[in-house]
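Chain residues, written in single-letter form:
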Amino acid sequence: MKQKIRLAVFDLDGTLADTIPDLAGAMAHILKKYGNFGDVEPLVRRSVGRGVYVLFEKVYGELGIDSQSRLADVEAYKAYYAAHCFQKTRLYPHTVAVLEELKRRGIHLAVATMKPREATHEVLRQTGLLPYMEAVYAQEDMERPKPEPWCVVHLAEEFGVPLSETAMIGDSLNDVGAGKAAGAVSVAVLGGYADPEEMRRSGADYVIDDIGCVRDIFEGGETYGD
């Protein structure tokens, strides 16, 4: 029997789209002035998820960069990434089909991400996902970041949906934690940027192999079409 859901809140990076190549490209652009660090994509992959400031803290810490201009570097990174955020970024298979089906079932759709707002909207626009989303919460919109439940609770309130009929869907422990802390349905998506074994042990209500499986676990409160 499928879970009744009226609001589905999605993470973006690693859940709906593989954005790491462009994130790493922007980071490499900023790091050039400090030396040649080679391929930083693996480092960026394991450092994303808590926003751009934490990303820089982790990357600079691991590379031993003690920059007095880190805040300026962050702003330069945000501007560069916003202008180059769709060079190699690609949707995961089934993403559009999932959103179309959930929409058909009468389920509200939203994004809650720690990506900066300008880049978030640009990625959603370039991928064609923006028209599906009835609300978008980016880093600047977050009063408290995931795994705090703030975004899930506020989105549920915004749409007038009980938390028991709200789902938080993402590829990280932060996403699962936000859903669980809110009292919502939590869905861990494998194949993103987190360690799959950690995600299996996350305590999520559902652990799925890819985003396409969302269609198999949710039903809406109201169905449109057939």
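Residues numbered from 1 in each chain as written. Predicted model: local features only at pLDDT ≥ 70, side-chain atom pairs only at ≥ 80, totals over all residues. Heavy atoms only, no water.

Caption draft 1: Structural detail: the side chain of E165. Here E165 is to be found in the loop between α7 (150–159) and β7 (166–170). Since its relative accessible area comes to 16%, E165 is described here as buried. If we skip the residues at most four places from it in the chain, E165 touches K4, I5, R6 and L7. (Helix = DSSP H or I, 4+ residues; strand = E, 2+ residues; numbered from the N terminus. Buried < 20%, exposed > 50% of the residue type's maximum accessible area, 1.4 Å probe, protein only. Contact = heavy atoms within 4.5 Å.)

Caption draft 2: Focus on the pairing of strand β5 (residues 108–112). For β5, the tally of buried residues reaches four of five residues, placing the bulk of the element in the interior. One ladder, built from four bridges, connects strand β2 (residues 7–10) with β5; its direction is parallel. Note that in β5 the partner of V9 across the bridge is A110. Across three bridges, the pairing between β5 and strand β6 (residues 135–137) is parallel. (Pairing = 2+ DSSP bridges.)

Caption draft 3: Examining unusual backbone geometry more closely. Across the junction of K146 and P147, the peptide omega takes the value 15°, indicating a cis bond. By the secondary structure assignment, P147 is in the loop between β6 and α7. The phi angle at H94 is positive, at roughly 80°, despite the residue not being glycine. Note that H94 resides in the loop between β4 (90–91) and α5 (95–104). Classification of H94 by relative accessible area gives partly exposed; the value is 43%.

Caption draft 4: Expanded view of helix α1 (residues 20–31). Taking 1.5 Å of rise per residue, the 12 residues of α1 would be expected to cover 16 Å, and the 16 Å separating its terminal C-alpha atoms lies within 8% of that figure. Counting buried positions along α1 yields nine of 12 residues, so the element is predominantly enclosed. Buried within α1 are the following residues: I20, P21, D22, L23, A24, A26, M27, I30 and L31. Tucked inside the fold, the buried residues of α1 contact β3 (17–18), α2 (41–45), α3 (52–63) and α4 (70–83). (Expected span 1.5 Å × (residues − 1).)

Caption draft 5: How the structure looks around the nonpolar core. Membership of the largest hydrophobic core comes to 50 residues, with the highest contact counts inside it found for F10, Y77, L102, L109, I169 and F218. If you tally residues by element for this core, the top one is α1, at seven residues. When neighbours within four sequence positions are excluded, L102 is seen to be in contact with A8, F10, I107, L109, V214 and F218. (Core = buried A, V, L, I, M, F, W, Y, C linked by side-chain atoms within 4.5 Å.)

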